[in-house]
Amino acid sequence: MSNIVKRSLTGIIYVAVMLGGTLLHPIIFAIVFATLLFFTQYEFYAMVEKAGHHPSRIIGSVFGVIFFLICFGLSNNYLPRQFGFAFIPIVVILLVVEIFRSNKHTLENGGFSTLGFAYIALPFSLMNFVVHTSVNGQNTFYPWIMVGVFFILWINDSAAYVFGTSFGKHKMCKNISPAKSWEGLIGGAVFAIIMGIVNAVMFQAISMVSWVGIALLTVIFGTLGDLFESKIKREIDVKDSGTILPGHGGFLDRLDSLLFVIPAIFIWLIFTGNV
């Protein structure tokens, strides 16, 4: 099977899982994204091991899922607000685990275990509060904001690729990601804003100004998220974070932009009164 066919089939399945997992039901959302969280965090730890470090892969990934489920309970009002402080004992446990491991470099290993939690589990967990948002003054399951963010992110990536390959002459970060150009960034931003305006027409729970703000934040933080993972891979000297997605690499390769976008969108929704 040619690489283009593999990429296309994988891309279709990926989009179907992301949209279906978001739209169908809150429980389906929790199952799909808790699963994606586990494998993405585990993949990050496996990649870090290639650089000679030894984070707690299973324990870190499991506690990432636990925190995600706690946030799911909070966003659905199943749990009291006090459970929101659960990240504190989780971070402590990730560090304490290193006391009982036989590996050397306790500080490094504990630091990377905690980094995986902050880098991957925290953004995934915040997604719960994006899909459970305030609509007409009531907290409810409203997955369309998250779907709109996906649309903006995918349109931005596609337009940035087209404009970058067609007109890209001024490189953004040649030493980190040689393919990225300022022309691609601008082209992606224009289409992202257009998609934000379209979202405002389709999903009217938030205003057009809010959607345009979301589009701009998605462009900025999505680009930073992509560059961050690219720099990690360059320093570790790996091409992809994994091989589970034929033609696309690993889960982290597909979700790197989203990991930086979600916290920014979450804060934006708080300031605009939608969370």
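What counts and how
- Residues numbered from 1 in each chain as written.
- Predicted model: local features only at pLDDT ≥ 70, side-chain atom pairs only at ≥ 80, totals over all residues.
- Heavy atoms only, no water.
- Helix = DSSP H or I, 4+ residues; strand = E, 2+ residues; numbered from the N terminus.
- Rg over C-alpha atoms; globule rule 2.2 N^0.38 Å.
- Buried < 20%, exposed > 50% of the residue type's maximum accessible area, 1.4 Å probe, protein only.
- Contact = heavy atoms within 4.5 Å.
- Areas by Shrake-Rupley, 256 points an atom, 1.4 Å probe, with all protein chains shown as cover.
- Lys, Arg positive; Asp, Glu negative; His and termini not counted.
- Charge placed at Lys NZ, Arg CZ, Asp CG, Glu CD.
- Core = buried A, V, L, I, M, F, W, Y, C linked by side-chain atoms within 4.5 Å.
- Expected span 1.5 Å × (residues − 1).
- Pairing = 2+ DSSP bridges.
- Phe/Tyr/Trp six-rings, centres within 6.5 Å; stacked < 30°, edge-to-face > 60°.

## A word on the overall build of the protein chain
Regarding its fold elements, the protein chain presents nine helices and four strands. Going residue by residue from the N terminus, the α and β elements of the protein chain occur as α-α-α-α-α-β-β-α-β-β-α-α-α. Taking 275 residues into account, the globule formula puts the C-alpha radius of gyration at 19 Å, and the protein chain, at 19 Å, falls close to it. For the protein chain, the spread of C-alpha atoms along the three principal axes comes to 55 × 45 × 35 Å. Taking all 275 residues of the protein chain together, the buried fraction comes to 48%. Partitioning the intrachain contacts of the protein chain with sequence separation of at least 6 by distance along the chain shows that 67% fall at a separation of at least 24. Summed over all atoms, the accessible surface of the protein chain reaches about 13500 Å², with 69% contributed by carbon and sulfur. In the protein chain, 16 side chains carry a positive charge and 13 a negative one; their mean positions are 3 Å apart.

## With respect to the nonpolar core
If you look at the biggest cluster of nonpolar residues, it comprises 66 residues, and the most contacted ones within it are Phe33, Phe44, Phe124, Met146 and Leu258. Sort the elements by how many residues they give to this core and helix H2 (residues 26-49) lands first, with 11 residues. Ignoring any residue separated from it by four or fewer positions in sequence, one finds Phe124 in contact with Phe33, Leu36, Leu37, Thr40, Phe68, Leu255 and Leu259.

## Overview of helix H6 (residues 144-167)
In this model, H6 (24 residues) spans 33 Å end to end at C-alpha, consistent with the 34 Å of a helix rising 1.5 Å per residue. Inspection of H6 places Ile145, Met146, Val147, Gly148, Val149, Phe150, Ile152, Leu153, Asn156, Ala159 and Gly164 among the buried residues, and these make up the whole buried set.

## Notes on the pairing of strand S4 (residues 177-181)
Two elements, strand S3 (residues 171-173) and S4, share two bridges in a ladder whose sense is antiparallel. Bridged to Lys171 within S4 is Ser181.

## So, the packing of aromatic side chains
Tallied over the full model, the rule gives 20 aromatic pairs. Seen in terms of ring centroids, Phe72 and Tyr78 are 6.3 Å apart; in terms of plane orientation they differ by 65 degrees. Their pairing is edge-to-face. Look at Phe72 and you get buried, because its relative accessible area is 8%. Seen from their ring centres, Phe163 and Phe167 are 5.8 Å apart, and the 45 degrees between their planes marks the pair as tilted. Here the residue Phe163 and the residue Phe167 both occupy positions in helix H6, the gap between them amounting to four residues, near one helical turn. What makes Phe163 partly exposed here is its relative accessible area of 28%. Within the aromatic cluster, the residues linked to one another by ring pairs are Phe44, Tyr45, Tyr119, Phe228 and Phe260.

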